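The lines below spell out each chain.
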Amino acid sequence: MTTTTIRTTCDSCQLTFDVPSTAIVLALPAPTADAAVEPSFVHICPSCLACDSTPVPWRTATYLLDAGATAFTAPDLDQIQPRYPEHRPDSTRPMSLDDLIDLYAALDSDARVL
Ligand SMILES: [Zn+2]
């Protein structure tokens, strides 16, 4: 049985090293990403321990997956971005001392429920 390896060069210290396919991690683009976005080969340099990623063509990624590489898929950015209410609460004046006291009372009553 032959072990597939990929040869890469560290961007930080310029060391060229081989990574066995079973130790390769591929970062696949989100399913909704632009079709032009390619997978990335994530690697850690054995000399300087810098973590780097290098884009690889889909064909190479498929071959590496078949040879035992691990893959994870990037999340869909639309699903992980925080959603804010469309309208902020109506507030035409700055917070007053009475508002602050009411806020503390409301927070305190929530804390007692828990
Ligand atoms: Zn390095």
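It should be noted that the structure appears before, not after, this text.
All values derive from a computational prediction rather than experimental measurement.

Reading the values: rules and limits
Residues numbered from 1 in each chain as written. Predicted model: local features only at pLDDT ≥ 70, side-chain atom pairs only at ≥ 80, totals over all residues. Heavy atoms only, no water. Core = buried A, V, L, I, M, F, W, Y, C linked by side-chain atoms within 4.5 Å. Buried < 20%, exposed > 50% of the residue type's maximum accessible area, 1.4 Å probe, protein only. Helix = DSSP H or I, 4+ residues; strand = E, 2+ residues; numbered from the N terminus. Contact = heavy atoms within 4.5 Å. Donors = N, O, S within 2.8 Å, 3.2 Å for Na, K, Ca; no water. Tetrahedral: all angles 85-135°; square planar, octahedral: opposite > 155°, others 65-115°. Pairing = 2+ DSSP bridges. Axes fitted to C-alpha atoms, helices over the stretch in contact; angles between N-to-C directions.

By size, the foremost hydrophobic cluster in this structure holds 13 residues, and its most contacted members are I6, V19, I24, L26, F41 and L64. Those elements that provide at least two residues to this core are strand 2 (16-20), strand 3 (25-28) and helix 1 (58-66). In this structure, V19 is in contact with T4, T5, I6, T8, I24 and F41, ignoring residues within four places of it in sequence.

Within the protein, the zinc ion binds to C10 (SG), C13 (SG), C45 (SG) and C48 (SG); these donor distances fall in the range 2.3 Å. For the zinc ion, the four donor atoms in the first shell make angles of 102 to 117° at the metal, so the coordination geometry reads as tetrahedral. The sequence pattern describing where the donors of the zinc ion fall on their chain is C-x2-C-x31-C-x2-C. With C10 in the loop between strand 1 (5-9) and strand 2 and C48 in the loop between strand 4 (40-44) and strand 5 (51-55), this pair connects stretches of sequence that are 38 residues apart. Judged by relative accessible area, which is 3%, C10 ranks as buried.

A few words now on the sheet that holds strand 5. As summarised here, the arrangement of the four strands in space is 5-4-3-6, forming an open sheet in which the pairing is mixed. A single partner strand is all that each edge strand has here, and the edge strands are strand 5 and strand 6 (70-73). Pairs of neighbouring strands in the sheet enclose a mean axial angle of 30°, with direction left out of account. Summarising the sheet, strand 3 and strand 4 pair through three bridges and their orientation is antiparallel. For L26, the partnering residue across the bridge sits in strand 4 and is F41.

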